[in-house]
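# Overview (structure and organization)
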Amino acid sequence: METAAFLTRDREPIVAAAASAIVRAHIRHYESAGPEELERRLEELFDHVLEAVTTHDLGSMIRHAEVVAEERFNGGYDLSEVQTAFNALEESVWSHALAELEPSQLAETLGLVSTVLGAGKDALARRYVSLAAGTHAPSLDLRTLFAGSGGA
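Bear in mind that the values here come from a model prediction, so they are computed numbers and not experimental data.

Secondary-structure assignment places Leu79 in helix α6 (residues 79-100). Among the residues examined, Leu79 registers a relative accessible area of 15% and is labelled buried. Between the alpha carbons of Leu79 and Ala132 there is a distance of 9.8 Å; along the sequence they are 53 residues apart. Sequence-distant contacts of Leu79, defined by excluding residues within four places in its chain, comprise Leu124, Ala125, Tyr128 and Val129.

The phi dihedral of His26 falls on the positive side, at around 50 degrees, and the residue is not glycine. With respect to the helices, strands and loops of the structure, His26 is situated in the loop between α2 (11-25) and α3 (28-33). For His56, which is not glycine, the phi dihedral falls at a positive 55 degrees. Its place among the elements puts His56 in the loop between α4 (35-55) and α5 (59-74). Under the relative-accessibility criterion, His56 is labelled exposed at 63%.

The rules behind these values
- Residues numbered from 1 in each chain as written.
- Predicted model: local features only at pLDDT ≥ 70, side-chain atom pairs only at ≥ 80, totals over all residues.
- Heavy atoms only, no water.
- Helix = DSSP H or I, 4+ residues; strand = E, 2+ residues; numbered from the N terminus.
- Buried < 20%, exposed > 50% of the residue type's maximum accessible area, 1.4 Å probe, protein only.
- Contact = heavy atoms within 4.5 Å.

Have a look at this one:
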């Protein structure tokens, strides 16, 4: 089975399992957003994964991740919270692929999905850190790591 066909067929259970994983993690901002909003966001992320897998173009995923980084940064989310959502979706795809696909199909499917979500996570982190550095976030102030090194 082709990766895009597998993702299309298993979209609902993959998204539901990812949402359940996030709920179990008790992530403050996702809990306050509510289950419907969480599922909507995961569906949107899933759709970008499917688009990238289908078109072999990461542009839409990267743009989506950058927008999400800005929205979540401005909403007070920690970067780790948002990365958890990406990771939960990836883990759910892996779990469903391992259960549903033939061994000969796993390398391509898992490789494509991991590449797409990896590019998304990279774009997310770069944009988030860029925003945080622009506001001089205390968590990114590395000067304290070098106290006593003679350079400060």
